[in-house]
Structure formats: C-alpha cells, structure tokens
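An overview of the molecular structure
What follows is each chain in one-letter form.
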Amino acid sequence: KISVTWQGQQLHAALESVAQSQRIAIWLDRRINPAKPINLAVRDRPCGEILQSLAEAQGCAVTAFNGVVYFGPRQAADELVTLSALARQAATF
C-alpha cells in the first residue's frame, strides 16, 4: 500500500514516481497527454487502485501486459488483453 499527494503534478511525473517507488515498468501510451496535471490524494491504498484512479481521471485505462503496466486508451488496453490471451492460446498448440 502506498500514499500519494499530487496537486498539479504532471501525469508522466506521477507515473514515474509510482514506477520507481514500486519497482514496476509503466508504459504511457503516446496518445495520452503526459503533461496533463494530476490532483490526487490517497493514503494507504494498493498501487493498482491508485493507477486505476489516475487512468479514470484521464479517461483511459490501465492493464498489466507481460510484466508491464500499460496506461493508455481504453480500446488499446482491451485489445492488449485480448491479443495476449490469443498469443498464449496459440503457443499451447
């Protein structure tokens, strides 16, 4: 669980902070404005919940994909999950 307080923090800086503190890789899709200001204050919440809150505030989605947390448009995030499942299924044949 982590705590964050961001007032006017740019999205890319907020994501970088989470990535470094939690030692995870986060991929910010180029279609998402990295300079958009973030206002969020939470205490003792799971990392995934914080990332989900950030995504919702940006009108996008977050999903885990092959060891990377993808942060981007909802449709792209949904497609990544589907493509990953199809690739795993094809690999079993």
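Read on for an overview of the structure. This is a predicted model, so every value here is computed, not measured. (Residues numbered from 1 in each chain as written. Predicted model: local features only at pLDDT ≥ 70, side-chain atom pairs only at ≥ 80, totals over all residues. Heavy atoms only, no water.)

**Quick notes on the nonpolar core**
- Counting 20 residues, the largest nonpolar core has Trp6, Leu40, Ile50, Leu51, Leu54 and Phe71 as its most contacted members.
- When residues of this core are traced back to their parent elements, those giving at least two are β1 (2–10), α1 (11–22), β3 (37–45), α2 (47–58) and β5 (68–72).
- Counting residues per element, this core draws most heavily on α2, at five residues.
- In this structure leucine 40 touches Val4, Thr5, Trp6, Ile50 and Leu54, once residues within four positions along its chain are discounted.
- Residues Tyr70, Ala76, Ala77 and Leu80 belong to the second largest nonpolar core, which totals five residues. (Core = buried A, V, L, I, M, F, W, Y, C linked by side-chain atoms within 4.5 Å. Buried < 20%, exposed > 50% of the residue type's maximum accessible area, 1.4 Å probe, protein only. Helix = DSSP H or I, 4+ residues; strand = E, 2+ residues; numbered from the N terminus. Contact = heavy atoms within 4.5 Å.)

**Remarks on the packing of aromatic side chains**
- Inspection of every chain in the model, using the stated rule, returns one aromatic pair.
- Ring geometry for tryptophan 27 against tyrosine 70: centres 4.9 Å apart, planes inclined by 70°, an arrangement best described as edge-to-face. Of the two residues, tryptophan 27 is situated in strand β2 (residues 25–28) and tyrosine 70 in strand β5; the sequence distance between them amounts to 43 residues.
- Under the relative-accessibility criterion, tryptophan 27 is labelled partly exposed at 43%.
- Given a relative accessible area of 2%, tyrosine 70 falls into the buried group. (Phe/Tyr/Trp six-rings, centres within 6.5 Å; stacked < 30°, edge-to-face > 60°.)

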